[in-house]
Amino acid sequence: MSTPTGFMEFQRQLPVDRSPAERVKDWEEFHKHLEEEELQTQGARCMDCGTPYCHTGIDMIGGTSGCPIHNLIPEWNNLVYRGLWREALERLHKTNNFPEFTGRVCPAPCEGSCTVGLIGEPVTIKSIEQEIIDKGFEEGWVVPEPPEKRTGRRVAVVGSGPAGLAAAAQLNKAGHSVTVYERADRIGGLLTYGIPSMKLDKGVVQRRVDLLAAEGVEFVVNTEIGKDIAAKQLMEDYDAVVLCGGATKPREFNIEGSDLKGIHYAMDYLNGTIKSLLDSGLEDGNYLSAKDKDVIVIGGGDTGSDCVATALRHGCSSVTQFGTHKKAPLQRDPIANPWPQFPNVYTLDYAHEEAKALFGSDPREFSIMTTKFVGDEEGNLKELHTVQIERIVDETGRKVYQPIPGTEKAFPAQMAFIAIGFDGPEQTLVEQLGLETDRRSNVKAPYGKYTTNVDKVFAAGDMRRGQSLVVWAINEGREVAREVDKYLMGATVLV
């Protein structure tokens, strides 16, 4: 325990982010940092409670509770409090291959289940995590650690997102020769193309990729398995194949007018901007620009929020984000949303803070449904028609959305982005390998074992479990690596 009364003596403190009105002028990370002494004080707030729910990651109603990779949070909180930063880094790396990613983009379910949060504000776990790893890189403590010997086994990892990178890192640590295949021109999956640079600087991603390469992981870009290399060839060339291709098939949104010009899937919009930014600082113009346009984002999740933030940086005239969910309460409902569930409360995400700073209000519309798109004479999007909705239980017992008469409205829009989620992985590789899938088209594998119906083929990450958090992807990558190691060697040295 850091100090028995720290959670009573000290108040929760977070880094002050860059001003929303200023940060929308660039693509730099918006996070600032606490001073070392302030971080040690925040570490002192950790109770080291008898049952640390913060690192018992499980799925609960309403979201994830605790850390899916079971970070040893009380231990490194205590080490930070005592000023033992290098020891804290060692404890952090025991469970998390990429704390520089989770410390920036994870929604921190650990904080939602923090015991201190029962009677006050939770410990600032996420900020401490990020500072531990950032300090590790600054001090030169994070260096390549290639395995002492090789097993002679070869493993192919398809997909270089967080699950694929975690699997590759662990399998390489076990001594296997690992090759990661990525169809894009850069490694990182959604870490590179998907999460905007202001949330996760791409130099941070490349730094870790370079480290893995120095440890012996081989990376192959611009190569789509099932297209550029046949799945059969991959099976012949490797002793095991790990599929971490993600859930990248966008959910269709077919309503009247959805074929109008100006309507795009969210990931096409985000990826185009990120690539152009990395290639040329947006000078090449190879992206969908929202400059001087009224923008509507359909979908109330993180991807939708990232579209809001990106449109603001393009210089949109206005931006509105639609969500079918109700506006969350200001405080946790102890009956419907009890601790240690993730707290479903009203907050302003970074993008919403920025829109409010520029346009004066939260850009979100709640309990709303788009009924049709309307275009002009040339087939360009002109406006969206909507209706307010409420959730009811129908005669069959299902919860469904019902329109509220008299709440129809039209919103001007020249661009609309569809951010309503994904319908599982793309099926080309799945079909070539003859893999079984579940009712949601995810690759079927026994829970906890990650083995498919095809010998020596394993699946993990969003490709197996469906769209989820980065931290779950890292968990899956680590777990599938253990299964592959056992398959290849009869036992595993990985933890």
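As the structure is a prediction and not an experimental result, all values here were calculated from the model.

The rules behind the values
Residues numbered from 1 in each chain as written. Predicted model: local features only at pLDDT ≥ 70, side-chain atom pairs only at ≥ 80, totals over all residues. Heavy atoms only, no water. Core = buried A, V, L, I, M, F, W, Y, C linked by side-chain atoms within 4.5 Å. Buried < 20%, exposed > 50% of the residue type's maximum accessible area, 1.4 Å probe, protein only. Helix = DSSP H or I, 4+ residues; strand = E, 2+ residues; numbered from the N terminus. Domains from an automatic or database assignment. Contact = heavy atoms within 4.5 Å. Buried area = accessible area lost by both parts, 1.4 Å probe. Salt bridge = Lys/Arg side-chain N within 4 Å of Asp/Glu carboxyl O. Polar contact = N/O pair within 3.5 Å; in protein donor to acceptor, adjacent residues only side chain to side chain. Expected span 1.5 Å × (residues − 1). Pairing = 2+ DSSP bridges. Axes fitted to C-alpha atoms, helices over the stretch in contact; angles between N-to-C directions. Right-handed = clockwise from strand over helix to strand, strands pointing away. Phe/Tyr/Trp six-rings, centres within 6.5 Å; stacked < 30°, edge-to-face > 60°. Lys NZ or Arg CZ within 6 Å of the ring centre and 35° of its normal.

> In this structure, what is going on with the nonpolar core? I would like to understand it.
For soluble globular proteins, the rule of thumb is that nonpolar side chains tend to be buried together. Ranked by internal contacts, the top residues of the largest apolar core, which has 68 residues, are I132, V242 and V484. Counting residues per element, this core draws most heavily on helix α17 (residues 470–489), at eight residues. Here this core spans two domains, since at least three of its residues come from each of domain 1 (4–137) and domain 2 (152–246 + 421–487). With sequence-adjacent residues up to four places away left out, V484 is seen in contact with V155, L171, A240, V242 and F458. Ranked by size, the runner-up nonpolar core spans 28 residues in total, among them L282, A290, C316 and A355.

> Any chance you could explain the domain arrangement of the chain here in plain terms?
Per the domain assignment, the segments making up the chain are domain 1 (4–137), domain 2 (152–246 + 421–487) and domain 3 (251–416). Averaged C-alpha coordinates put domain 2 and domain 3 at centres separated by 30 Å. Between domain 2 and domain 3, a total of about 1,300 Å² is buried, with carbon and sulfur atoms accounting for 58% of that surface. Counting across the domain 2 and domain 3 interface gives four salt bridges. K199 is the partner of D306 in a salt bridge, and the nearest nitrogen-oxygen pair spans 3.3 Å. There are seven residue pairs in polar contact (both at pLDDT 80 or more) connecting domain 2 and domain 3.

> Honestly, α17 in this entry has me stumped. Any pointers?
One full turn of an α-helix is made of 3.6 residues, so residues set three or four places apart face in the same direction. In this model α17 runs 29 Å from its N-terminal to its C-terminal C-alpha over 20 residues, within 8% of the 28 Å that 1.5 Å per residue would give. In the stretch just after α17, G490 is the one whose phi turns positive, near 90°.

> What should I look at first to understand the sheet that holds strand β15 (residues 415–418) in this one?
Two strands in a sheet stick together by hydrogen bonds in their backbones, pointing the same way (parallel) or opposite ways (antiparallel). Taken in spatial order, the five strands of this open sheet run β7-β15-β8-β9-β10, and their pairing is parallel. Each edge of the open sheet is held by one strand with a lone partner, namely β7 (263–265) and β10 (364–365). Here β7 runs beside β15; their pairing, made up of three bridges, is parallel. By the bridge assignment for β15, Y265 is matched with I418. The sheet contacts of helix α12 (residues 266–280) involve β7 and β15, and relative to β7 the element is tilted by about 80°.

> Looking at this structure, how should I read the pattern of salt bridges?
It is possible for side chains bearing opposite charge to pair when their charged atoms get close. Per the stated rule, a full pass over the model turns up 26 salt bridges. Because the salt bridges share partners, they merge into one network encompassing R23, R313, E353 and E354.

> What exactly am I supposed to notice about the side chain of H176 here?
Along the polypeptide, H176 turns up in the loop between α9 (162–173) and β4 (177–181). Assessed through its relative accessible area of 0%, H176 is described here as buried. At a separation of 2.8 Å, a polar atom in the side chain of H176 contacts the side chain of T151.

> Please explain the pairing of strand β13 (residues 399–403) as it appears in this structure.
Looking down a regular strand, the side chains alternate between one sheet face and the other. Where strand β12 (residues 381–393) and β13 come together, five bridges link them in antiparallel fashion. Looking at the pairing, R391 lines up with Y401 of β13. In textbook terms, the turn of a hairpin is the stretch between consecutive antiparallel strands, and for β12 and β13 this stretch comprises five residues, one of which, G397, has a positive phi near 90°.

> Is there a simple way to explain the pairing of β4 in this structure?
With respect to burial, β4 is a largely interior element, four of its five residues being buried. Sheet topology places strand β3 (residues 154–158) next to β4; five bridges connect them, and they run parallel. In the sheet register, V157 faces β4, and the bridge partner there is V180. Between β3 and its parallel partner β4, the chain crosses via α9, and the hand of that crossover is right-handed. One ladder, built from three bridges, connects β4 with strand β5 (residues 218–220); its direction is parallel. Looking across to β5, one finds that V180 is bridged to F219. In terms of handedness, the path from β4 via helix α10 (residues 202–214) over to β5 forms a crossover that is right-handed.

> What's the story with the side chain of T273 in this structure? I'm lost.
Tracing the sequence through the fold places T273 in helix α12. Exposure remark for T273: the relative accessible area of 2% places this residue in the buried category. At a separation of 3.3 Å, a polar atom in the side chain of T273 contacts the side chain of H314. Apart from residues no more than four positions distant in its own chain, T273 is found in contact with W27, L282, Y287, L288, T310 and H314.

> Any chance you could explain the sheet that holds strand β16 (residues 457–459) here in plain terms?
Taken in spatial order, the five strands of this open sheet run β5-β4-β3-β6-β16, and their pairing is parallel. Looking at strand neighbours, the two that pair on one side only are β5 and β16, the edges of this open sheet. Taking the axes of each pair of neighbouring strands and ignoring which way they run, one obtains an average angle of 20° across the sheet. Bridge analysis of β3 against strand β6 (residues 240–243) gives four bridges, and the strand direction is parallel. Across the sheet, residue V157 finds its bridge partner in β6, namely V242. Across the face of the sheet, α9 comes into contact with β3, β4, β5 and β6 while running at roughly 165° to β4.

> Please clarify how unusual backbone geometry should be interpreted in this entry.
Generally, phi is negative for residues other than glycine and the peptide bonds are trans, each holding for most cases. Note that the residue after W339, namely P340, is joined by a cis bond; omega there is 5°. By secondary structure assignment, the location of P340 is in the loop between β9 (318–322) and α14 (350–359). Positive phi values are uncommon outside glycine, yet Y450 reaches one of about 65°. For Y450, the position within the fold is in the loop between α15 (428–433) and β16.

> Help me understand the packing of aromatic side chains in this model?
Given two aromatic rings, one states the distance between the centres and the angle between the planes to describe the pair. One pass over the structure, following the stated rule, counts eight aromatic pairs. Ring geometry for F30 and Y350: centres 4.9 Å apart, planes at 10°, overall stacked. Of the two residues, F30 is situated in the loop between α2 (20–23) and α3 (36–43) and Y350 in helix α14; the sequence distance between them amounts to 320 residues. The pair formed by F30 and Y350 is uniform in burial state, with each residue classed as buried. Ring plane angle 65° and centroid distance 5.1 Å describe the contact between F322 and F411, whose orientation is recorded as edge-to-face. Here the residue F322 occupies a position in strand β9, and F411 occupies one in strand β14 (residues 409–412), the gap between them amounting to 89 residues. For the pair F322 and F411, one class covers both residues: buried. The ring of F137 is capped by R207, whose NZ or CZ atom sits 3.6 Å from the centre of that ring. The side chain of R465 reaches across the aromatic face of W472, ending 4.2 Å from its centre.

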